[in-house]
Amino acid sequence: MNFARVLCLVWVLGAASPIALAAEGNAQAQDNADAERPYKVVDGHVDRATFRGYLYYGDLCLRCHGPDGAGSSYAPSLVNSLKKMDKRQFEETVINGRKNVTAATENVMPAFGTNIDAVQHLEEIYAYLKARSDGVIGRGRPKRIGETDD
């Protein structure tokens with residue numbers, strides 16, 4: 001059998017088709033990207049968990065990290081931090097705290113591992129901050145999916 005016939009047979013059967021492989025690779029990449037996004041945003045409106053994250057952020061984190069995770073003179077921007085930090089690092093920092101002391105500064109993140117609200121709603125807070133960090137929601141109170149823009 002010559003090369004052209006083998007190539008046609010492979011194409012007809014769909015085995016190792018470049019188009020099929022590309023489509024499969026794109027679908028897998030999309031699945032991986034979706035798995036990394038802990039939030040759902042539709043037309044600028046967030047899912048319930050992300051909205052709850054916004055509320056719990058306001059209760060637990062705002063006084064140090066500023067409105068909308070943008071940072072303050074007291075604590076860094078979490079919007080910027082989550083561009084370099086994965087979920088595991090975020091959770092570890094919130095639960096165990098962190099101390100970063102240099103000659104010029106002393107940054108201390110207290111441990112929130114004993115704060116039941118922080119622990120129970122950590123994924124929701126992360127979802128809100130990750131959505132902010134990814135730039136899919138802006139500053140201010142996000143609207144929930146299904147909420148009107150009135």
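See the structure above.
This report concerns the structure included in the present document.

What counts and how
- Residues numbered from 1 in each chain as written.
- Predicted model: local features only at pLDDT ≥ 70, side-chain atom pairs only at ≥ 80, totals over all residues.
- Heavy atoms only, no water.
- Helix = DSSP H or I, 4+ residues; strand = E, 2+ residues; numbered from the N terminus.
- Buried < 20%, exposed > 50% of the residue type's maximum accessible area, 1.4 Å probe, protein only.
- Contact = heavy atoms within 4.5 Å.
- Expected span 1.5 Å × (residues − 1).
- Polar contact = N/O pair within 3.5 Å; in protein donor to acceptor, adjacent residues only side chain to side chain.
- Salt bridge = Lys/Arg side-chain N within 4 Å of Asp/Glu carboxyl O.
- Pairing = 2+ DSSP bridges.

**Concerning the environment of Thr50**
Phase 1 of the analysis: Structurally, Thr50 can be placed in helix α3 (residues 48-60).
Phase 2 of the analysis: For Thr50, a relative accessible area of 0% corresponds to the buried category.
Phase 3 of the analysis: If near-sequence neighbours (up to four positions away) are discounted, Thr50 is found in contact with Pro38, Tyr39, Lys40, Ala127, Tyr128 and Ala131.

**Structural notes on α3**
Phase 1 of the analysis: An ideal rise of 1.5 Å per residue puts 18 Å on 13 residues; α3 measures up with 18 Å between its terminal C-alpha atoms.
Phase 2 of the analysis: Taken residue by residue, α3 has Thr50, Phe51, Gly53, Tyr57 and Leu60 as its buried positions.
Phase 3 of the analysis: In this structure, the buried side of α3 is in contact with β2 (45-46), α4 (62-65), α5 (78-81), α7 (116-120), α8 (122-133) and β5 (143-144).
Phase 4 of the analysis: Here α3 starts with a cap whose side-chain oxygen sits 3.3 Å from the backbone nitrogen of Ala49, and that cap is Asp47.

**Let's talk about the side chain of His121**
Phase 1 of the analysis: With respect to the helices, strands and loops of the structure, His121 is situated in the loop between α7 and α8.
Phase 2 of the analysis: Residue His121 is classed as buried on the basis of its relative accessible area of 9%.
Phase 3 of the analysis: Within polar-contact distance, the side chain of His121 engages the side chain of Tyr56 at 3.2 Å.
Phase 4 of the analysis: Non-local contacts of His121, meaning those with residues more than four positions away in its chain, are made with Arg52 and Tyr56.

**Topic: the pattern of salt bridges**
Working definition: two side chains of opposite charge can pair if their charged atoms are close together.
Phase 1 of the analysis: Summed over the entire model, instances satisfying the criterion amount to 8 salt bridges.
Phase 2 of the analysis: The partner of Arg139 in a salt bridge is Asp68, with the nearest N and O atoms 3.0 Å apart. Of this pair, Arg139 sits in the loop between α8 and β5 while Asp68 sits in the loop between α4 and α5, and the two are 71 residues apart along the sequence.
Phase 3 of the analysis: Using a relative accessible area of 12% as the deciding quantity, one classes Asp68 as buried.
Phase 4 of the analysis: Salt bridges here are not isolated pairs; linked through shared partners, they connect Lys87, Glu91 and Glu123.

**Thoughts on the sheet that holds β2**
Phase 1 of the analysis: Taken together, the 3 strands give an open sheet; going across it, the order is β1-β2-β5, and neighbouring strands pair in mixed fashion. Strands at the two margins of the open sheet, each flanked by one partner only, are β1 (41-42) and β5.
Phase 2 of the analysis: As paired elements, β2 and β5 share 2 bridges and run parallel to each other. Pairing of Val46 across the sheet is with Arg144, part of β5.

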